[in-house]
Amino acid sequence: IQNSTFSGNYALSSGGGIYNDSSITVLSNSLFHKNTGGGTECSNFGTTFNGNNNLSDVASSGCPGVSTTLITSTVGSLTDNGGSTMTHALLPGSEAIDAGDVDSTATDQRGFAASGTRDIGAFEAFVPVVVAPTDDTFEATGPLTSPAFGVANVSDVDETGLVAIANPADNFALGMTTVTWTVTDSQGFSDTDTQMVTIVDTTGPTITLSGDATVVLSIGDSYVDAGATAVDL
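What counts as what
Residues numbered from 1 in each chain as written. Predicted model: local features only at pLDDT ≥ 70, side-chain atom pairs only at ≥ 80, totals over all residues. Heavy atoms only, no water. Core = buried A, V, L, I, M, F, W, Y, C linked by side-chain atoms within 4.5 Å. Buried < 20%, exposed > 50% of the residue type's maximum accessible area, 1.4 Å probe, protein only. Helix = DSSP H or I, 4+ residues; strand = E, 2+ residues; numbered from the N terminus. Contact = heavy atoms within 4.5 Å. Patch = residues over 30% accessible without salt bridge, like charges linked within 9 Å, V, L, I, M, F, W, Y side chains within 5 Å. Areas by Shrake-Rupley, 256 points an atom, 1.4 Å probe, with all protein chains shown as cover. Salt bridge = Lys/Arg side-chain N within 4 Å of Asp/Glu carboxyl O. Pairing = 2+ DSSP bridges. Axes fitted to C-alpha atoms, helices over the stretch in contact; angles between N-to-C directions. Phe/Tyr/Trp six-rings, centres within 6.5 Å; stacked < 30°, edge-to-face > 60°.

(A) The nonpolar core, seen in detail. Within the largest apolar cluster, 14 residues are counted, with the highest numbers of intra-cluster contacts made by Phe149, Val179, Trp181 and Val197. For this core, the secondary structure elements donating two or more residues are β17 (175-184) and β18 (190-200). With 3 residues, the single largest contributor to this core is β17. Apart from residues lying up to four places away in sequence, valine 179 is in contact with Phe149, Ala166, Asn167, Pro168, Phe172, Asp193, Thr194, Gln195 and Val197. Counting residues in hydrophobic clusters, the runner-up holds 11 residues, among them Leu70, Val75, Phe123 and Ala125.

See below:
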């Protein structure tokens, strides 16, 4: 048995997660999570049994080859994460991520190849990747400008439909502003990338005369200029 997940099982006695009736010879890179009952999570494993690199959230689980105690909160609930059966996803910070060894399976139960080092258990965690739009420059349309500065590209091996969020998304002052694009998948894994948005002002103000452009005066006449107004975006 390799890269398997035993979760949410109950037994009155002997092996809440798994009981070895002298037929299992190898148990490696597997995860034991929230198994309860009258006995330990694993039972009836002899000293000659080959158990290696397993994780359990119970220190006295009885599971062979337990290398680290698993934190329960880093394993998700049983749900449809793709593939032929529902799975318990690994969440950010899980000790099972990238913790498999040479005895790991090549893929998880959904058929996805390892992301870096194979994770322990039946589920391989993937982090989404976001690529921000290229840096861009826009003409100011007011004291604050809200240009259409593009859409980030998002990819995720085991999830579709993810959309990155820009911060800030509008109301840019003159000058350079760093926009941070962030994407987060359903398991809580996230990625960020940045884009530089520059707002420039190359359009001068517009002057409007209040009086005539040409004024004819006689010597001794009194004159008060009608003035002018100026508008700038």
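(B) Just a nonpolar patch on the surface, in detail. On the surface, Val215, Leu217 and Tyr223 cluster together into a nonpolar patch covering about 270 Å² of accessible area. Of the residues examined, tyrosine 223 reaches a relative accessible area of 41% and is grouped as partly exposed.

(C) Just the pattern of salt bridges, in detail. Taken as a whole, this structure holds 3 salt bridges when the rule is applied. Arginine 110 serves as the salt-bridge partner of aspartate 108, at 2.8 Å between the closest nitrogen and oxygen. For aspartate 108, a relative accessible area of 4% puts it in the buried group. The class of arginine 110 is buried, set by a relative accessible area of 12%. Between arginine 118 and glutamate 124 there is a salt bridge, and its shortest N-O distance comes to 3.1 Å. There is no split in this pair, since arginine 118 and glutamate 124 are both buried. Overlapping salt bridges, with partners in common, bring together Asp108, Arg110 and Asp158 in one network.

(D) Spatial organisation of unusual backbone geometry. With an omega of -5 degrees, the peptide bond between asparagine 167 and proline 168 qualifies as cis. A positive phi angle, close to 60 degrees, is found at serine 22, a residue other than glycine. Looking at the secondary structure, you find serine 22 in the loop between β3 (18-19) and β4 (26-28). Classification of serine 22 by relative accessible area gives exposed; the value is 70%. Of note in the backbone geometry, asparagine 171 takes a positive phi value of approximately 55 degrees without being a glycine. Here asparagine 171 shows up in the loop between β16 (165-167) and β17.

(E) Seen up close, the sheet that holds β16. Pairing in this open sheet of 4 strands is mixed, and the strands run β14-β18-β17-β16 from one edge to the other. Looking at strand neighbours, the two that pair on one side only are β14 (136-139) and β16, the edges of this open sheet. Each adjacent strand pair in this sheet contributes to an overall mean axis angle of 30 degrees, direction not counted. Inspection of the sheet shows β14 paired to β18 by 4 bridges, in the parallel sense. Within the sheet, the bridge partner assigned to aspartate 136 lies in β18 and is valine 197.

(F) The arrangement of the packing of aromatic side chains in detail. Tallied over the full model, the rule gives 5 aromatic pairs. Look at phenylalanine 6 and phenylalanine 32: their rings are 4.8 Å apart centre to centre, the planes differ by 5 degrees, and that puts the pair in the stacked class. Here phenylalanine 32 lies in strand β5 (residues 31-33) and phenylalanine 6 lies in strand β1 (residues 5-7), a separation of 26 residues in the sequence. Accessibility assignment for this pair places phenylalanine 6 and phenylalanine 32 in one class, buried. Judged by centre distance (5.9 Å) and plane angle (65 degrees), the ring pair of phenylalanine 149 and tryptophan 181 falls under edge-to-face. Taken together, the positions of phenylalanine 149 in the loop between β14 and β15 (153-155) and tryptophan 181 in strand β17 put the pair 32 residues apart, joining distant regions of the chain. The residues phenylalanine 149 and tryptophan 181 share a single accessibility class, namely buried. Taken together through their ring pairs, the aromatic side chains of Phe149, Phe172 and Trp181 make up a single cluster.

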